[in-house]
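Report on the structure
Read off the chains here:
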Amino acid sequence: MTVRTRFAPSPTGFLHVGGARTALFSWLYAKKHGGQFVLRIEDTDLERSTKESVNAILQGMEWLDLDYDQGPFYQTERFAHYDAAIERLMEDGLAYRCNCSRERLEALREEQMQNKQKPRYDGHCRNRQISADEPHVIRFRNPESGDIVFQDHIRGEVRFSNSELDDLIIRRTDGSPTYNLTVVIDDADMEITHVIRGDDHLNNTPRQINLLQALGLPVPEYAHVPMILGDDGARLSKRHGAVSVIQYREEGYLPEALLNYLVRLGWSYGDQELFSTEEMIRLFDLKDVNRAPSSFNTEKLQWINQQYIKECDLQHLAILLAPHLQERGIDVEVGDHLVAVCEAQRERARTLTELAEISTFYYEDFEEFDPAAAKKAFRGEATEALRAVSAKLAALEEWQREPLHAAVAATVEELGVGFGKVAMPLRIAVTGGAPSPDLDLTLRLIGRETCLRRIDMAISFIESSNDPWKTENYTLSLSASSPICL
Ligand code: GLU
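1. Looking at the overall build of the chain
Per the secondary structure count, the chain includes 19 helices and twelve strands. A compact globule built from 486 residues should have a C-alpha radius of gyration of about 23 Å, whereas the chain, at 33 Å, is more than 25% larger. With the C-alpha coordinates of the chain rotated into their principal frame, the extents come out at 105 × 70 × 40 Å. When the 486 residues of the chain are sorted by exposure, 48% land in the buried category. Total accessible area on the chain is roughly 24,900 Å²; 48% of this is exposed by carbon and sulfur atoms.

Written as structure tokens, this is what we have:
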């Protein structure tokens, strides 16, 4: 048997992390067993389904590199299959027309609620032979007795009693088929062997098994994945921050880090935290998925992302960083220089947005020197040190790390001061105070012209802040407790 799994989102919103995790589990399970993974778009709800959502889902899948062997199939293109199945059920007496009015159903519901019964259709039209010419829905004739039992890969044995189920509507008055019917036909037509989905669908499973059996179709195996909760214990939703997969891309997460985080959300392998895709495929098993809901933890996601930023291939990192710099208005060339910037800065960032932020000074002049850093570095003889080092740097033939280091060292020697007296103002002058690597590497990556220009800017800044004739350099401090009385 070839394992075939599917991901079957309804395009009524973006691809959220819960959906992405379900897709990942299905994808991993298929890959692990040398099987196939199918993408099916469940777009029969014409009012709520949108083209934008379809695109967002496809875009999310592509970004996460969750490739599918077949699809995307669209349910709206498969109505003929659903109609044929409904006809068959009608012919076999396993479905019937119902014309119960909304008022009747409402009254029935009220009455059942008052009697503390579970609201369910009472089978009023089961034997009424409603004409096809009047408005009607079609209901499935659910077995009235017996149990539906299945072995869920995550929850173990699950049992439902037919007495709890009612005759489900499989075709609406407007002729459109309903979710449980379409899923059943598609899973069978697409030869799905393992249905892996959110446990919000658990209650649909006995209905779907009954339908499959009525149609003489094979029943797949099931795995119902527990939901994801936010940090506060409530079901994960928009109010917990980013839940759209694409939003994580915008916030600077690596797709492989998000996948790694998602696989660990409800699944574990010892206490291992980091998994390559190849390892995930090899080690993942449905039986190790937790039965309890898991909580989304942004700090953990950031930690995993940071590990990927530190360890991943530098060229790959440069490519991923480029759009984040672009977002900041930096038209960067993805080449050796950006790769070197990534190498120099990557230890200091948890996300690509942070990495872009702390790397901006390599490409763009900053608006101002960081006040705290400037206060510390631009004291005493800072201008002399900057003038002296600037002259040495300007004279360099080669703007490489070694000569750069030598120029700073020679300035230190010439002035007869400690290394920091030159290095500190120089670093703040060229970086503005942003976190930066070794000074010679920093200078090398910023480039000659920019460094010399920024040193001049720093000198003017210091001189103007020390100008005794500039009144803005004075801050007025009055004592409230002992005012001078005139
Ligand atoms: N279309 C359903 C949803 O988005 C999933 C159906 C299924 O997996 O069976 O919730």
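2. Topic: the pattern of salt bridges
Opposite charge on two side chains lets them pair, provided their charged atoms get close. A complete count under the given rule lists 28 salt bridges for this structure. One salt bridge in this structure joins D187 and R40, with 2.9 Å as the shortest N-O distance. Here R40 lies in strand β2 (residues 36–41) and D187 lies in helix α5 (residues 179–189), a separation of 147 residues in the sequence. A salt bridge links E414 to K392; its shortest N-O distance comes to 2.6 Å. Of this pair, E414 sits in helix α16 (residues 401–415) while K392 sits in helix α15 (residues 382–394), placing them 22 residues apart in sequence.

3. Focus: the pairing of strand β7 (residues 156–161)
The side chains of a regular strand alternate, first on one face of the sheet and then on the other. By the bridge criterion, six bridges tie strand β6 (residues 147–152) to β7 in an arrangement that is antiparallel. Residue pairing across strands places F150 opposite V158, the latter belonging to β7. Following β6, the chain reverses through three residues before pairing antiparallel with β7.

4. A word on the sheet that holds strand β4 (residues 95–98)
Overall, antiparallel pairing links the three strands, which are arranged β4-β5-β8 in an open sheet. Among the strands making up the open sheet, the edge pair consists of β4 and β8 (169–171). Ignoring strand direction, the axes of neighbouring strands in this sheet form an average angle of 45°. Sheet topology places β4 next to strand β5 (residues 137–140); four bridges connect them, and they run antiparallel. Residue A95 lies in a different strand from β5, and its bridge partner there is F140.

5. Here's the deal with the site of the ligand
For the ligand, the full set of nearby residues is R6, A8, P9, S10, E42, Y179, R197 and H201. Contact between the ligand and A8: a nitrogen atom at 2.7 Å from a main-chain N or O atom of the residue. Between R197 and the ligand, the recorded distance is 2.7 Å, taken from a side-chain N or O atom to an oxygen atom. Burial of the ligand by the surrounding chains reaches 81%, relative to a free accessible area of 290 Å². Spatially, the ligand is embedded in the largest pocket. Residues belonging to the shell around the ligand are distributed by class as follows: three nonpolar, two polar and three charged.

6. Quick word on the nonpolar core
Grouped together as the largest cluster of nonpolar side chains are 70 residues, with contacts concentrated most on M61, V263 and F296. The greatest single-element share of this core, amounting to nine residues, is contributed by helix α1 (residues 17–32). Beyond its immediate chain neighbours, meaning those up to four positions away, F296 contacts V17, I228, L229, G230, D231, L236, Y248, Y261, L265 and L301. Counting 38 residues, the second largest nonpolar core, distinct from the first, contains A344, L439, L445 and I446.

7. Quick notes on the layout of surface pockets
Empty space among the atoms can be located by rolling a probe the size of a water molecule over them. By volume, the largest pocket amounts to about 1,100 Å³. As for the largest pocket, its lining consists of 41 residues, of which S10, H16, G19, D200 and H201 are closest to the centre. Elements with a contribution of two residues or more to the lining of the largest pocket: β1 (4–7), α1, α5 and β9 (194–198). Looking at which element gives the most residues to the lining of the largest pocket, the answer is α1, with five residues. Grouping the amino acids of the lining of the largest pocket by side-chain chemistry returns 16 nonpolar, 13 polar and twelve charged.

8. Side note on a negative patch on the surface
Residues E364, E367, E368 and D370 make up a contiguous surface patch of negative charge. Taking the relative accessible area as the measure of exposure, E364 reaches 33% and is therefore partly exposed.

The rules behind these values
- Residues numbered from 1 in each chain as written.
- Predicted model: local features only at pLDDT ≥ 70, side-chain atom pairs only at ≥ 80, totals over all residues.
- Heavy atoms only, no water.
- Helix = DSSP H or I, 4+ residues; strand = E, 2+ residues; numbered from the N terminus.
- Rg over C-alpha atoms; globule rule 2.2 N^0.38 Å.
- Buried < 20%, exposed > 50% of the residue type's maximum accessible area, 1.4 Å probe, protein only.
- Areas by Shrake-Rupley, 256 points an atom, 1.4 Å probe, with all protein chains shown as cover.
- Salt bridge = Lys/Arg side-chain N within 4 Å of Asp/Glu carboxyl O.
- Pairing = 2+ DSSP bridges.
- Axes fitted to C-alpha atoms, helices over the stretch in contact; angles between N-to-C directions.
- Near = heavy atom within 4 Å.
- Polar contact = N/O pair within 3.5 Å; in protein donor to acceptor, adjacent residues only side chain to side chain.
- 1 Å grid on protein atoms, 1.4 Å probe; cavity = no way out; pocket = protein on both sides within 12 Å on 5 of 7 lines; lining within 4 Å.
- Sits in = over half its atoms within 2 Å of the grid points.
- Nonpolar A, V, L, I, M, F, W, Y, C, P; charged D, E, K, R; others polar.
- Core = buried A, V, L, I, M, F, W, Y, C linked by side-chain atoms within 4.5 Å.
- Contact = heavy atoms within 4.5 Å.
- Points joined across faces, edges and corners; volume = space filled by probe spheres on them.
- Patch = residues over 30% accessible without salt bridge, like charges linked within 9 Å, V, L, I, M, F, W, Y side chains within 5 Å.
- Lys, Arg positive; Asp, Glu negative; His and termini not counted.
- Charge placed at Lys NZ, Arg CZ, Asp CG, Glu CD.

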